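# Notes for the structure review
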Amino acid sequence: MDPIGHKLLQVAKGQLGYHEKVSGYTKYGDWYGKHVGKDPVFKDAAWCDMFLAWAADKAGVQDWAGEFASTPDHAKWFKKHDAWGHHPEPGAIVFFSWNGGKSIGDIEHVGIVESVHGHTLHTIEANHNDQLGRATRDVSQVVGYGYPSKVKVKAAPAEQKYVPKHSAPPPSAKEITEQPATPAHEMQTTAQHDSAPPLPDQQAALTGLLAVVVFGTVALALSKAKVRVPVPTPNVRVRKRGKHHRTPVEMPADMNVADLDAADAGTAVMPIVSAEAAALAEDKEFWGKITELEEDAELAFWNTLHSAISQSDSAESLNV
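In the nomenclature of an unreviewed UniProt entry, the chain is known as CHAP domain-containing protein of Actinoallomurus acaciae.

So, in structure tokens, the structure goes:
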């Protein structure tokens, strides 16, 4: 038995007894019009071949059995695929001509062979007496047979596994064992490249960061040494010195404001300057920020420490 035809027979046996409607409507023609022919006219057309298309779809063998509404076109398709012949066998698609014609153009009906007994065929046919049922036919009415299993279907391309473009196949055991040893001087050169010194930009950044920290520390120390918080005395209210109550700091003779501005705008880190220059820089930028943070807990600690130092200095001057 043709194995593809066997699958068709299994589906066909499950549909035996189906009748077309009075209007000629069938579910097989309706399906064909929606999925294959794309035209509603097929829903009440002659349905002997459309049933085979429906059965092939349900069995998943449509590529081997074909999907047609025209029986001559279906026979031509089998012949084109070298799956056409004149030997009856179970599972073959059988094409009939009632007037005894033997050419494909004479074909009028189609069915599927269920069994063969001499010159007698037992078939399952759609649109036989307006229903799907079994029939007995003489081979003299046969134009030819289509053999689904002989249809050569081009296999779908195998799914290709993604391989990155930069990847390469692993080396063989022979390649690993026969790899030449790397000369000592090459290993030394490689090691030197692997442990290359930091880039100049990295060194400059580290040096600059260190200079900023040192400069900030010196400026803070000088500012605390020069600014004294008055010691509160009874019935005397002390006003905190604000931004507009600072005493100007005299710059050294060999430096001007333009020098400081140029150093501040440059890409190089400004070197540590004298105590007077630091005081001026602090007066220009540092105190603007300190004023905003005077209420901070850290600054409160420094104010308290200043008060204690000031009181100690006052007591020493009185003892003297």
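The discussion continues.
## Looking at the overall build of the chain
The helix and strand tally for the chain stands at eleven helices and six strands. Across the 320 residues that make up the chain, the buried fraction comes to 28%.

## Some details on the sheet that holds strand β4 (residues 120-128)
Sheet architecture is open: six strands sit in the order β1-β6-β2-β3-β4-β5, paired in antiparallel fashion. Unpaired on one side and paired on the other, β1 (84-85) and β5 (131-138) mark the two borders of the sheet. By the bridge criterion, seven bridges tie β4 to β5 in an arrangement that is antiparallel. Residue pairing in the sheet places Thr120 in a bridge with Asp138 of β5. The sheet contacts of helix α3 (residues 48-59) involve β2 (93-96), β3 (109-117), β4 and β5, and relative to β3 the element is tilted by about 70 degrees.

## Describing the side chain of Thr26
With respect to the secondary-structure elements, Thr26 resides in the loop between α1 (3-13) and α2 (27-35). The exposure class of Thr26 is buried, given its relative accessible area of 0%.

## Brief notes about the environment of Asp2
By secondary structure assignment, the location of Asp2 is in the segment before α1. On the basis of relative accessible area, Asp2 is assigned to the buried category, the value being 3%. A sequence separation of 87 residues divides Asp2 from Glu89, and the C-alpha atoms of the two residues are 7.4 Å apart. The contacts of Asp2, once residues within four sequence positions are left out, are Glu89, Pro90, Gly91, Ala92, Tyr147, Pro148 and Ser149. At 3.0 Å, the side chain of Asp2 forms a polar contact with the backbone nitrogen of Ile4.

## A short note on unusual backbone geometry
A positive phi angle, near 55 degrees, is found at Asn129, a position not held by glycine. With respect to the helices and strands, the residue Asn129 is situated in the loop between β4 and β5. Look at Asn129 and you get exposed, because its relative accessible area is 57%. One non-glycine residue with positive phi stands out, namely Asp130, at about 65 degrees. With respect to the helices and strands, the residue Asp130 is situated in the loop between β4 and β5.

## A word on the packing of α2 against α3
Look at α2 against α3: their axes get within 9 Å of each other, and the N-to-C directions meet at 70 degrees. Viewed along their axes, α2 and α3 adopt a mutual orientation that is roughly perpendicular. Two secondary-structure elements touch here, α2 through Tyr28, Gly29, Trp31 and Tyr32 and α3 through Met50, Phe51, Ala53, Trp54 and Asp57. When grouped by side-chain class, the residues that make up the contact of α2 with α3 number seven nonpolar, one polar and one charged.

## Let's talk about the packing of aromatic side chains
Enumeration according to the criterion identifies twelve aromatic pairs in this entry. Taking 5.0 Å as the distance between ring centres and 70 degrees as the angle between the ring planes, the aromatic pair formed by Tyr28 and Trp54 counts as edge-to-face. Taken as a pair, Tyr28 in helix α2 and Trp54 in helix α3 lie far apart in primary sequence, 26 residues in all. The same class applies to Tyr28 and to Trp54, which are both buried. Between Phe78 and Phe95 the ring centres are 6.3 Å apart and the planes differ by 70 degrees, which places this aromatic pair in the edge-to-face class.

## As for α1
Every buried residue belonging to α1 is among Ile4, Gly5, Leu8, Leu9, Val11 and Ala12, and all of these are buried. Down the axis of α1, the buried set is contained in an arc of 165 degrees. They therefore lie on one face. Close packing links the buried residues of α1 with α3, α4 (62-65), β2, β3, β4 and β5. Capping of α1 at its N-terminal end is provided by Asp2; its side-chain oxygen lies 3.0 Å from the backbone amide nitrogen of Ile4.

## Details of α3
Helix length check: α3, at twelve residues, gives a terminal C-alpha distance of 17 Å against a target of 16 Å (1.5 Å per residue), a fit within 8%. Counting buried positions along α3 yields nine of twelve residues, so the element is predominantly enclosed. Among all positions of α3, only Cys48, Asp49, Met50, Phe51, Leu52, Ala53, Trp54, Ala55 and Ala56 are buried. Positioned one or two residues after α3, Gly60 has a phi angle of 75 degrees, which is positive.

Basis of the calculations
- Per-chain numbering applies: the sequence of each chain, read as written, is numbered from 1 onward.
- Reporting of local features is limited, given that this is a predicted model, to residues whose pLDDT is at least 70; pairs of side-chain atoms are given and counted only at 80 or more, and all residues count toward the totals for whole chains, interfaces and linings.
- Only hydrogens and water are set aside when side-chain values are computed; all heavy atoms of the structure are taken into account.
- Helix and strand labels come from DSSP, where a helix needs a run of H or I of at least four residues and a strand needs a run of E of at least two; each type is numbered from the N terminus.
- Using a 1.4 Å probe on the protein chains alone, a residue whose accessible area is under 20% of its type maximum counts as buried, one over 50% counts as exposed, and one in between counts as partly exposed.
- At least two bridges found by DSSP between two strands are what make those strands a pair.
- Pairs of residues are marked as contacts when any of their non-hydrogen atoms sit within 4.5 Å.
- An axis is simply a line fitted to the C-alpha atoms; with a helix, the fit covers only the stretch in contact. Between two such axes, the angle follows the N-to-C directions and lies from 0 to 180 degrees.
- Whenever a nitrogen or oxygen atom comes within 3.5 Å of another N or O atom, the pair is scored as a polar contact, on the condition that within protein one atom can donate a hydrogen and the other can accept it, and that pairs from neighbouring residues in sequence are kept only if both atoms are in side chains.
- For classification purposes, angles smaller than 35 degrees are called roughly parallel, those larger than 145 roughly antiparallel, those between 65 and 115 roughly perpendicular, and all remaining angles oblique.
- Gly falls in the polar group here, along with every residue not listed as nonpolar (Ala, Val, Leu, Ile, Met, Phe, Trp, Tyr, Cys, Pro) or charged (Asp, Glu, Lys, Arg).
- Planes of paired rings set the category: under 30 degrees apart is stacked, over 60 is edge-to-face and the rest tilted, where pairs are Phe, Tyr or Trp rings (Trp by its six-membered ring) whose centres lie within 6.5 Å.
- Our arc is simply the arc of the directions from the helix axis toward the C-beta atoms.
- What a helix is expected to span follows from its residue count: subtract one and scale by 1.5 Å.

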